[in-house]
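Overview (structure and organization)
Each chain, written out:
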Amino acid sequence: MTAPSTAPAGRPLVRLRHVTKRFGGFTALDDVSLDVNAGEVVVVIGASGSGKSTLCRTINRLETIESGTIEIDGERLPEEGRDLARLRAEVGMVFQSFNLFPHRTVLDNITLAPVRVRRVPRAQAEARARELLERVGLSDQASKRPTQLSGGQQQRVAIARALAMDPKVMLFDEPTSALDPEMITEVLDVIKDLAASGMTMLVVTHEMGFARSVADRVVFMDEGQVVEDAAPEQFFTAPATERARDFLSKVLSH
């Protein structure tokens, strides 16, 4: 079960308006406006350094912004404080690196945030964690530590951990980029299952086949800006800009 949302299907669950983010003299996001609607899978692609990961990190305020606004389910994301912590809990995030606690068991990794942040009773949190481990195909790994798992298994635990908070939206920041090729499919299959279940997702990825088959919309970024925002078939068969055509000619030729 995901957290109840006030946003009906087709209404923005995540809304960015004129968001700018700088690192010193470098503009990572340049006046970005973007909606992610309830139940929608938005895949963000682009060359390295185009602003994709920064976009993800600003949505749950891992990075502050210079200007603009970000709303989660109709509520503006504050700079800090209790309201920020509450809204951040509505946004699940899966990183390139798995960010699991190495000395805790898989079960502990998944139950820690629900127990401490949402004050879920431990027995209830553990029951939910076991459900999620079964969902990601790891029901027999609960007592192991992350170092005993493969990279693909660790990333699937990270997905289960994010889902344990019952987020309204899931962010994936290149979730397969640290994985060996044979492990990529097992992680993408879990994300595809989430998409089929109606989870609202924003996925930053280099996996073009995944983007084409799973996305409701493809957002192409370049130099901190959203250059194209289109349905997958339209983007991959008839991109509107020269920059997108150049990018696709390089990534689809290999």
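What counts and what doesn't
Residues numbered from 1 in each chain as written. Predicted model: local features only at pLDDT ≥ 70, side-chain atom pairs only at ≥ 80, totals over all residues. Heavy atoms only, no water. Salt bridge = Lys/Arg side-chain N within 4 Å of Asp/Glu carboxyl O. Helix = DSSP H or I, 4+ residues; strand = E, 2+ residues; numbered from the N terminus. Buried < 20%, exposed > 50% of the residue type's maximum accessible area, 1.4 Å probe, protein only. Pairing = 2+ DSSP bridges. Right-handed = clockwise from strand over helix to strand, strands pointing away. Axes fitted to C-alpha atoms, helices over the stretch in contact; angles between N-to-C directions. Parallel < 35°, antiparallel > 145°, perpendicular 65-115°, else oblique. Left-handed = near helix turned anticlockwise from the far one by under 90°. Contact = heavy atoms within 4.5 Å. Nonpolar A, V, L, I, M, F, W, Y, C, P; charged D, E, K, R; others polar. Expected span 1.5 Å × (residues − 1).

Details of the pattern of salt bridges
- All told, the structure shown has 19 salt bridges when counted by the stated rule.
- Notably, a salt bridge pairs Arg128 with Glu131, separated by 3.5 Å at the nearest N-O pair. Highlighted residues: Arg128 and Glu131, both in helix 4 (residues 122–135), separated by three residues, approximately one helical turn.
- One network of salt bridges, with partners in common, ties together Asp73, Glu90, Arg118 and Lys168.

What to know about the pairing of strand 8 (residues 200–204)
- Of all five residues in strand 8, five are buried; the element is thus mostly enclosed.
- Here strand 8 shows a buried face lined by Thr200, Leu202 and Val204 and a second buried face lined by Met201 and Val203.
- Both strand 3 (residues 41–45) and strand 8 contribute to a ladder of four bridges, which runs parallel. Its bridge partner being in strand 8, Val44 is matched across the sheet by Val204.
- Of the pairings in the sheet, the one linking strand 7 (residues 169–173) to strand 8 comprises five bridges and is parallel in character. Directly across from Leu171, in strand 8, lies its bridge partner Leu202.
- Note on the crossover from strand 7 through helix 6 (residues 181–196) to strand 8: the handedness is right-handed.

Some thoughts on the environment of Asp108
- The topology assignment puts Asp108 in helix 3 (residues 106–116).
- Distance from Asp108 to Ala129, taken between C-alpha atoms, is 8.9 Å for residues 21 residues apart in sequence.

Overview of the sheet that holds strand 6 (residues 91–94)
- Pairing in this open sheet of six strands is mixed, and the strands run 6-7-8-3-9-10 from one edge to the other. Bordering the open sheet on either side are strand 6 and strand 10 (225–230), each of which pairs with just one other strand. The average undirected angle you get between the axes of adjacent strands in this sheet is 20°.

Details of the packing of helix 5 (residues 151–163) against helix 6
- The interhelical angle for the contact between helix 5 and helix 6, taken along N-to-C directions, is 20°, at an axis separation of 8 Å. Taken together, the axis directions place helix 5 and helix 6 in an arrangement best described as roughly parallel. Every pair of crossing elements has a handedness; the one defined by helix 5 and helix 6 is right-handed. Along the contact surface, helix 5 presents Gly151, Gly152, Gln153, Gln155, Arg156, Ile159 and Leu163, while helix 6 presents Met183, Glu186, Val187, Val190, Ile191 and Leu194.
- Looking at the contact of helix 5 with helix 6 residue by residue, the class counts come to seven nonpolar, four polar and two charged.

Brief notes about helix 6
- With 16 residues, helix 6 should reach 22 Å at 1.5 Å per residue; the first-to-last C-alpha distance of 23 Å fits that figure.
- At the C-terminal side of helix 6, Gly198 shows a positive phi close to 95°.

A few points about the pairing of strand 1 (residues 12–23)
- As defined by bridge partners, strand 1 adjoins strand 2 (residues 26–37) across eight bridges and the pair is classed as antiparallel. Across the sheet, residue Lys21 finds its bridge partner in strand 2, namely Leu29.
- The hairpin formed by strand 1 and strand 2 contains two residues between the paired strands, and Gly24 there has a positive phi angle of roughly 65°.
- Relative to strand 4 (residues 67–72), strand 1 is paired through five bridges, and the arrangement is antiparallel. Along strand 4, the bridge assignment pairs Arg15 with Glu71.

Some thoughts on the side chain of Thr176
- Positionally, Thr176 belongs in the loop between strand 7 and helix 6.
- You can call Thr176 buried: its relative accessible area is 6%.
- Those residues within four positions of Thr176 in sequence are excluded, and the remaining contacts are Ile184, Val187, Leu188 and Glu207.

Brief notes about the sheet that holds strand 4
- Reading across from one edge, 2-1-4-5 is the order of the four strands in this open sheet, with antiparallel pairing throughout. Looking at strand neighbours, the two that pair on one side only are strand 2 and strand 5 (75–76), the edges of this open sheet.
- The sheet contact formed by strand 4 and strand 5 spans two bridges and is antiparallel. Pairing of Ile72 across the sheet is with Glu75, part of strand 5.

Fair warning: the whole summary comes from geometry, so function is off the table for now.
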